[in-house]
Amino acid sequence: MSQSTERANFSSKLGVILATAGSAVGLGNVWRFPYMTGENGGAAFILIYLGCVLILGIPCMVSEFIIGRHGAANTARAYKIIGETGGRKSPFPAFIGSLGVLTGFLITGYYAVVSGWCLQYIYASVAGQLQGDADYVTQYFQEFSSSPVLPVFWTVAILVICHLVICRGVRKGIEKASKLLMPTLFILLLIIVGASCMLPGASKGIDFLFKPDFSKVDTGVFLGALGQAFYSLSIAMGCICTYASYFSRQTNLLGSAVQISLVDFLIAILAGLMIFPAAFSVGVSPDSGASLVFITLPNVFSQAFAAVPLVGWIVGLLFYLLLTLAALTSLMSLHEVSTAFFFEELHISRSRGALIVTVLCCIIGTFCSLSLGAIDTLTFAGRSLFDWFDFVTGQIFLPIGGFLTCLFMGWYVPKKILNDEFTNWGTLHSLSRVFPVYLFLIRFVCPIAILVIFLHQLGVIHIV
């Protein structure tokens, strides 16, 4: 194992779980999962999604854990190190790792824009600017998101906050922040879930979430669940691999992947319990789509707690604080991917590496934000620059990176290396029986599933 004794590590098992879970838990759970559930029929989608996490998500996460811990370096170098075991020389591993770094870097730039919106909505909630009917809230979001000043300001603000955490290092920065942010996020979720579930008619939302209707299940639901499992666990963004490079030799990789996936799934379910009971209580359709968080929900909270406006105001404020914390934990991990790459490959200090990432992402975020209405020339072929970043990273780079990683780990890396890392060099005897299952999934099931999602998204194949 090529792990430097000087390299920073997480100080505890709790730090490993909370930091890595924080990487996975983000807007994909609190925002994307609820509206995907709403669009795909509720409980049936959730059951299929859970199956996809077990079959696709956990094996892919374990693979990135193995690469990161074995290499004990930034994602690009870690892929190269494990690819050179046995004296092999090929540009293939370094290409996959570099693609992961690039993907994480590009996502950081445009993800910061949406994360910044969460900060604006905290301010708007405090100032009472989200009170009004559905038309007013819709107009508010459209005017804000297309403004040339405010969205850029909040994009830079959240990147600066992230920068200050990253500069403090692994233990004093990432781990310490995760130990504060993740429990706070969980407590806020429980408070809002409690308030939402006590509303009149909330039981319909709970039934929608937990009583499956398999008559609504089709191929599209399966593909949607596969895609959500892949994206919500931060696979192929470099985050999982980078954080794993800070794991100790004693970390149980499979156990950690299962625990992190369960935390990720639990928070997604709580997000559904937070949103659907309130939505059903006021008669809002659960399939409101991507506008659910910034357009539909402010009106939902306002209507649901109309009898006690102060409670509605508090719930709305807590919700956007929760959303900001979820965005920040993911943004930290994305930022760290590029920071680790720059300071290790350029042989500079962590703070300088972080500064390079922050400045470049501020520039990317600024142009992505301006493309949403402030500057018309930043639209190409019918897509804004923001949408292009989302499309290229989410529908091209991520699936390609995940697919190549599966092939790389299943067919290129020596089986002995995989088995040693998987079982902690034979010390975890019970995992020796599980290893063949992992190897089968990573060789056959995962790459085929990812390839199908990729080709379907691009319209190359149409599955009815």
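Residues numbered from 1 in each chain as written. Predicted model: local features only at pLDDT ≥ 70, side-chain atom pairs only at ≥ 80, totals over all residues. Heavy atoms only, no water.

**Overview of the overall build of the chain**
Right, so step 1: A tally of helices and strands in the chain yields 18 helices and 2 strands.
Right, so step 2: Taken against the 2.2 N^0.38 rule, which gives 23 Å for 464 residues, the C-alpha radius of gyration of the chain at 22 Å falls within 12% of a compact globule.
Right, so step 3: Structurally, the chain occupies a C-alpha span of about 70 × 50 × 45 Å along its principal axes.
Right, so step 4: When contacts within the chain are restricted to residue pairs at least 6 apart in sequence, those whose partners lie at least 24 apart make up 81%.
Right, so step 5: For the chain, the computed accessible surface area is about 17,700 Å², with 68% contributed by carbon and sulfur atoms.
Right, so step 6: Of note, the chain has its 24 positive side-chain charges centred 15 Å away from the centre of its 21 negative side-chain charges. (Helix = DSSP H or I, 4+ residues; strand = E, 2+ residues; numbered from the N terminus. Rg over C-alpha atoms; globule rule 2.2 N^0.38 Å. Contact = heavy atoms within 4.5 Å. Areas by Shrake-Rupley, 256 points an atom, 1.4 Å probe, with all protein chains shown as cover. Lys, Arg positive; Asp, Glu negative; His and termini not counted. Charge placed at Lys NZ, Arg CZ, Asp CG, Glu CD.)

**With respect to the environment of Lys211**
Right, so step 1: Mapped onto the elements, Lys211 comes out in the loop between helix H9 (202–210) and helix H10 (219–232).
Right, so step 2: For the pair Lys211 and Ser351, spaced 140 residues apart in sequence, the C-alpha separation works out to 50 Å.

**What about the packing of aromatic side chains?**
Right, so step 1: Evaluation of the coordinates by the stated rule reveals 35 aromatic pairs.
Right, so step 2: Judged by centre distance (5.7 Å) and plane angle (75°), the ring pair of Phe341 and Phe342 falls under edge-to-face.
Right, so step 3: Here the aromatic cluster, defined as three or more aromatic residues joined through ring pairs, consists of Tyr110, Trp117, Tyr121, Tyr136, Tyr140, Phe141, Phe144, Phe294, Phe301, Phe319, Tyr320 and Phe386.
Right, so step 4: Note that Arg249 overlies the ring of Trp425, its terminal NZ or CZ placed 4.1 Å from the centroid.
Right, so step 5: Directly above the aromatic system of Phe391 lies the positively charged group of Arg383, at a separation of 4.2 Å from the ring centroid. (Phe/Tyr/Trp six-rings, centres within 6.5 Å; stacked < 30°, edge-to-face > 60°. Lys NZ or Arg CZ within 6 Å of the ring centre and 35° of its normal.)

**Observations concerning the state of the cysteines**
Right, so step 1: Within this structure, the stated rule accounts for 0 disulfides.
Right, so step 2: Free cysteine Cys60: the closest other cysteine sulfur is in Cys406, separated by 3.9 Å.
Right, so step 3: Overall, Cys60 belongs to the buried group, its relative accessible area being 3%.
Right, so step 4: You can see Cys368 has no disulfide; the closest cysteine sulfur is in Cys361, sitting 9.9 Å from it. (Disulfide = S-S within 2.5 Å. Buried < 20%, exposed > 50% of the residue type's maximum accessible area, 1.4 Å probe, protein only.)

**Quick notes on helix H15 (residues 350–370)**
Right, so step 1: Between the first and last C-alpha of H15 there are 30 Å, a value that for 21 residues agrees with the 30 Å anticipated at 1.5 Å per step.
Right, so step 2: Buried residues of H15: Arg350, Gly353, Ala354, Val357, Thr358, Cys361, Cys362, Ile364, Gly365, Cys368, Ser369 and Leu370, and no others.
Right, so step 3: Check the buried side of H15 and you find it contacts helix H5 (91–126), helix H6 (134–145), helix H7 (150–167), helix H8 (170–197), helix H14 (309–345) and helix H16 (385–412). (Expected span 1.5 Å × (residues − 1).)

**Some remarks on the packing of H8 against H14**
Right, so step 1: Put simply, H8 and H14 touch, their axes get as near as 9 Å, and they point 150° apart. Regarding the angle of H8 to H14, the classification is roughly antiparallel. Note that H8 runs across H14; the crossing there is left-handed. Contact residues: H8 offers Ile174, Ala177, Ser178, Leu181, Met182, Thr184, Leu185, Leu188, Leu189, Ile191, Ile192 and Ala195, while H14 offers Val315, Leu318, Phe319, Leu321, Leu322, Leu325, Ala326, Leu328, Thr329, Met332 and Glu336. (Axes fitted to C-alpha atoms, helices over the stretch in contact; angles between N-to-C directions. Parallel < 35°, antiparallel > 145°, perpendicular 65-115°, else oblique. Left-handed = near helix turned anticlockwise from the far one by under 90°.)

**Regarding H14**
Right, so step 1: Along its 37 residues, H14 runs 54 Å from first to last C-alpha, staying within 8% of the 54 Å computed at 1.5 Å per residue.
Right, so step 2: Counting buried residues along H14, 29 of its 37 residues qualify, which places the element largely inside the surrounding structure.
Right, so step 3: Two residues or fewer after H14 comes His347, characterised by a positive phi angle close to 55°.

**Examining the pattern of salt bridges**
Right, so step 1: Enumeration according to the criterion identifies 7 salt bridges in this entry.
Right, so step 2: Residue Glu421 is joined to Arg69 by a salt bridge in which the shortest nitrogen-to-oxygen separation is 3.0 Å. Here Glu421, found in helix H17 (residues 415–422), pairs with Arg69, found in helix H3 (residues 43–71); they are 352 residues apart in sequence, far enough to count as distant.
Right, so step 3: The exposure class assigned to Glu421 is buried, which follows from its relative accessible area of 1%.
Right, so step 4: Judged by its relative accessible area of 0%, Arg69 falls in the buried class.
Right, so step 5: When the shortest N-O distance is used, the salt bridge between Arg77 and Glu345 registers 2.9 Å. Placement of the pair is Arg77 in helix H4 (residues 75–83) and Glu345 in helix H14, with a sequence separation of 268 residues.
Right, so step 6: Residue Arg77 is classed as partly exposed on the basis of its relative accessible area, which comes to 30%.
Right, so step 7: For Glu345, a relative accessible area of 30% puts it in the partly exposed group. (Salt bridge = Lys/Arg side-chain N within 4 Å of Asp/Glu carboxyl O.)

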